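# Structural overview for review
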Amino acid sequence: MKLGRYFLLFICQIWLGINPTQLLAQNGNYSRNLQLEKWQFKQSNKDAWMPAKVPGNLHTDLLLNKKIDDPFLGRYEAKVQWVENENWEYETLLLISKEELSQKHIFLSFENLDTYANIYLNDELIGKANNQFRIWKLDVKNKLHIGSNKLHILFKSSSIVGKELATNLPYTLPGGEAVFTRKAPYQYGWDWGPRLVTCGIDKVSLEFYSDAHFGELKSTQIFEADSIAKVYFELTIFSDTNSSKNLTITCQELGPSKDQNQVLKLKKGENKIPILMTIKSPKRWWSNGLGNANLYHFSFKLVDSKRLLEEKKECIGLRELKLIRTKDSIGNGFYVELNGMPVFMKGANIIPVHSFLNGLPNETYTNLINQCKEANMNMLRVWGGGVYGSDEFYKACDENGILVWQDFMFACAMYPGDSAFLNNVAHEVSDQVIRLRNHPSLAVWCGNNEIDEGWKNWGWQKQYSYSFADSSKIEQDYQTLFNKLIPNLLGSLDPQRYYHASSPTYGWGRKESMYTDDSHYWGVWWGMEPFEKYEKKVGRFMSEYGFQGMPSIHTYEKFMPNFPASFDSLAFKTHQKHPTGYQTIKEYMARDFKVPTNFEDYIYVSQLLQAEGMKTAIEAHRRAMPYCMGTLYWQLNDCWPVSSWSSIDFYNNKKAFYYQSKRSFEPVLISFAKSEKDSLSIYIVSDKTKKLKGTFVYKWMDFNGKVLDSLLKPIEVSSLSSMVYHSWPLNKLKHNSNLAESTFLKVEFRTDTSSYSANYFFAKPKDLKLPDAIVKIDLLNDSTLQVKSASLAKNVAISLTSEELDLEDNFFDLLPNEARIISLKKALTSSQKNKLKVQYLNKANFEDLLKKLPY
């Protein structure tokens with residue numbers, strides 16, 4: 001960036017005849033990105049400097065310099081634990097020109113500086129950072145000089161500093177040393193992630209200002225019926241003097257006729273400038289599935305005597321959003337209302353996309369959000385044990401109609417309440433709220449993940465032997481942070497959004513969790529309850545639940561040396577962070593599936609197991625609409641290669657669960673539930689805003705395609721509804737003892753423009769008498785497959801021998817004599833065409849391995 005800037009000035013001067021000083025003056029305020037300067041780093045008290053990358057992380061720099069093994073591979077995580085206990089130093093040289101130094105104000109700015117950092121400029125300590133989630137701005141106008149300037153950053157060990165801070169309390173807080181440090185909690189390890197406590201530099205820049213510059217921008221909206229939207233902006237401008245400036249406001253979508261030009265009489269100091277934009281016939285912002293995520297792109301230009309001082313751009317969506325909590329005879333309803341319409345939330349919990357986040361390309365986030373949109377999601381919950389999302393993440397959510405439930409970064413622990421800690425958090429909350437509040441995708445603020453529930457029901461008081469005085473002080477600190485400090489700040493910074501103090505309101509062990517607010521249900525998995533329990537444990541808004549599925553065989557090939565793997569491999573066990581994870585998968589698998597004899601088939605069936613369990617949960621939630629108005633599964637993604645609850649693994653391979661969630665989140669869903677009257681209730685759940693007229697069809701078939709019974713009738717499906725449209729008598733199966741194991745029900749709902757279908761099997765997969773199906777795959781073109789079988793092929797999974805394929809659909813049931821057309825997201829190369837591979841449950845190798853698996 002440094003060379004690029006001076007090269008640009010040189011080109012302007014030689015080729016265009018523009019003096020560099022004139023160019024700087026014409027540009028006004030500007031920011032110089034320091035990320036591409038030449039950086040170096042070293043371990044403190046060591047002499048050898050090594051090249052570093054900024055943005056970047058300590059561990060990735062050590063890896064690039066071959067000082068550590070890749071902690072994502074094999075068992076190497078354990079070998080890099082020494083890194084977190086050392087201090088580390090980074091530095092670069094900044095060349096400052098006479099023109100740059102002539103600017104009235106120069107600030108050094110850091111975002112996501114992780115975490116305990118002493119900042120030196122030309123060997124002078126100019127600032128100390130102690131919070132990864134804050135934005136740090138340091139006045140360096142009088143610290144710089146023309147020519148070379150040394151920027152040096154000393155990172156202190158977060159682990160050691162955290163342990164030192166812990167000694168200030170007479171008791172131990174749940175969460176260990178991590179709770180004293182405002183950095184990403186997941187770095188300290190979780191039951192899906194490694195312990196890799198790193199440090200590093202993300203966004204760093206020099207900001208040059210003239211006598212006036214922009215501060216924060218706040219937008220609010222008021223609708224007058226559907227015909228007019230009034231957008232109120234409050235723009236902060238800082239000025240050195242009492243002066244006049246011109247402000248120009250434009251909107252790309254409204255056109256030049258709606259441009260505004262204001263003459264501002266600025267006073268010295270901070271100025272709050274009110275701006276009103278009236279928009280006739282506004283195009284509202286809608287969540288995915290309900291309409292377009294319409295956006296308005298505004299530009300604010302500050303001009304002084306025809307010289308552009310600064311430009312700020314802001315993108316907003318016009319929408320009315322409320323989180324409604326309604327008391328009823330049972331408890332409290334809990335749902336999102338968007339533009340006056342109740343909306344069922346469908347989505348997932350997202351964790352950090354990598355253990356080392358700095359420097360990831362923007363495509364990491366845009367691709368992930370696109371996958372959410374394609375899976376019919378409309379909400380993601382940013383979980384409180386990770387990080388606040390990147391700007392690109394929220395931008396992608398805005399553009400794709402994905403609402404965001406935003407936790408503050410507190411999870412599963414208790415936190416200190418001293419004035420220094422609270423002041424630090426107050427700055428963090430202010431920085432993040434100001435950064436995020438104008439995003440139309442931002443729906444809900446939440447104080448923390450599971451802390452209220454943990455304090456009341458996880459036995460911490462007994463575990464840590466708290467006295468009454470200790471317990472009182474810890475609870476008081478909790479109340480101060482989450483019920484006073486944060487909501488008070490939101491009341492002034494973002495009063496229009498709902499604040500939920502802790503998720504969930506009640507834990508899954510309490511009956512109130514099914515009646516009031518949001519619920520985290522972990523009776524399945526943690527409680528070892530059967531999947532069928534999901535059909536009864538349905539709350540008002542299911543914000544967490546989940547089940548593990550192992551990642552792709554190709555993921556194992558990447559992170560496990562000396563592949564093929566075995567179940568007793570230490571590397572295999574290292575990449576399962578739940579203490580009884582593999583054992584839990586095994587036990588559930590034996591309940592519903594035959595257990596495979598080889599590693600690859602075992603992985604495949606574990607994914608089918610996860611998909612089937614999550615299908616049971618999601619569809620029970622959707623059938624219960626409007627009693628239940630949201631389902632957010634745990635979890636969307638991984639931060640490293642691991643066996644976890646994710647639907648998309650670390651290398652972006654989609655598990656069977658991803659494809660099943662896409663089906664279960666369809667805007668029109670056909671779903672089944674056994675009733676107490678020995679019949680099968682066939683539901684149609686519609687998220688459509690208009691009623692649908694069509695034809696209801698079912699066929700009762702055997703696995704070779706013979707139709708035993710059928711029905712066709714016209715029906716009308718109500719908008720935003722869940723209703724039973726047919727009851728199928730299960731006593732039909734009693735005529736023949738084999739019918740439950742050898743037949744299935746195919747149900748369709750056909751309209752003039754669309755067709756929706758679902759299959760119901762009467763027995764568990766392990767009891768099905770599957771035929772010896774032969775699946776044939778024809779390549780119609782480079783990106784289209786035709787898949788056929790004369791008889792039922794259960795859970796057909798298509799991949800390559802060397803990698804996974806990104807398909808429109810996968811892990812599907814291929815019905816007898818059905819020609820299924822499957823599109824690929826990316827065309828096959830000539831070498832890939834001969835590497836197609838297919839798995840299906842009919843041909844998996846099984847035997848009882850329960851005694852062979854080392855759990």
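In what follows, the structure referred to is the one given above.
Everything numeric in this text was worked out from a predicted model, so none of it was measured.

Analysis parameters
- Residues numbered from 1 in each chain as written.
- Predicted model: local features only at pLDDT ≥ 70, side-chain atom pairs only at ≥ 80, totals over all residues.
- Heavy atoms only, no water.
- Pairing = 2+ DSSP bridges.
- Helix = DSSP H or I, 4+ residues; strand = E, 2+ residues; numbered from the N terminus.
- Axes fitted to C-alpha atoms, helices over the stretch in contact; angles between N-to-C directions.
- Parallel < 35°, antiparallel > 145°, perpendicular 65-115°, else oblique.
- Contact = heavy atoms within 4.5 Å.
- Nonpolar A, V, L, I, M, F, W, Y, C, P; charged D, E, K, R; others polar.
- Phe/Tyr/Trp six-rings, centres within 6.5 Å; stacked < 30°, edge-to-face > 60°.
- Buried < 20%, exposed > 50% of the residue type's maximum accessible area, 1.4 Å probe, protein only.
- Lys NZ or Arg CZ within 6 Å of the ring centre and 35° of its normal.
- Polar contact = N/O pair within 3.5 Å; in protein donor to acceptor, adjacent residues only side chain to side chain.

### Regarding the sheet that holds strand β40 (residues 776-781)
Overall, antiparallel pairing links the three strands, which are arranged β40-β41-β44 in an open sheet. Both edges of this open sheet fall to β40 and β44 (818-823), since each of them pairs with a single strand only. Across the sheet, the mean angle from the axis of one strand to that of its neighbour is 25°, orientation sign disregarded. As defined by bridge partners, β40 adjoins strand β41 (residues 784-789) across five bridges and the pair is classed as antiparallel. Directly across from D778, in β41, lies its bridge partner Q786.

### Some thoughts on the packing of helix α14 (residues 581-592) against helix α15 (residues 599-623)
At a minimum axis separation of 10 Å, α14 and α15 run at an interaxial angle of 75°. Regarding the angle of α14 to α15, the classification is roughly perpendicular. Here Y582, I585, K586, Y588 and M589 of α14 come into contact with α15, specifically with Y602, V605, S606 and L609. Looking at the contact of α14 with α15 residue by residue, the class counts come to seven nonpolar, one polar and one charged.

### Some remarks on the sheet that holds strand β6 (residues 105-111)
In space, the four strands of this open sheet follow the order β1-β14-β6-β9, with antiparallel pairing throughout. If you trace the sheet from one side to the other, it starts and ends with β1 (30-33) and β9 (135-139), each paired once. Looking at each pair of strands side by side, their axes are set apart by 25° on average, direction ignored. Pairing geometry for β6 and β9, over five bridges, is antiparallel.

### Topic: the packing of aromatic side chains
With the rule as written, the count across this model stands at 62 aromatic pairs. Judged by centre distance (5.1 Å) and plane angle (75°), the ring pair of F531 and F547 falls under edge-to-face. Taken together, the positions of F531 in the loop between β30 (518-520) and β31 (541-544) and F547 in the loop between β31 and α12 (553-559) put the pair 16 residues apart, joining distant regions of the chain. Judged on exposure class, the residue F531 and its partner F547 are both buried. Through a chain of ring-to-ring contacts, the aromatic side chains of W508, Y521, W522, W525, F531, Y534, Y545, F547, Y588 and W645 assemble into a single cluster. The ring centre of W49 lies 5.4 Å from the NZ or CZ of K42, which sits over that ring. Sitting above the plane of the F223 ring, R284 keeps its charged end 4.0 Å from the centroid.

### Some points on the side chain of H354
Assignment of secondary structure puts H354 in the loop between β25 (345-350) and α6 (363-374). Note on H354: relative accessible area 17%, which makes it buried. Separated by 2.9 Å, the side chain of H354 and the backbone nitrogen of F356 make a polar contact. Non-local contacts of H354, meaning those with residues more than four positions away in its chain, are made with F72, Y186, L360, C639 and F650.

### Focus on unusual backbone geometry
For the peptide bond that leads from D114 to T115, omega is -10°, which places it in the cis range. If you trace the backbone, T115 turns up in the loop between β6 and β7 (117-121). In this structure, the amide linkage connecting M625 to the following residue, P626, adopts the cis form with an omega of 10°. Counting through the fold element by element, P626 comes out in the loop between α15 and β32 (630-634). A positive phi angle, close to 70°, is found at N45, a residue other than glycine. Along the chain, the position of N45 falls in the loop between β2 (39-43) and β3 (50-52). Residues other than glycine seldom take positive phi values, yet L720 does so here, at roughly 45°. Within the fold, L720 resides in the loop between β36 (707-717) and β37 (721-729).

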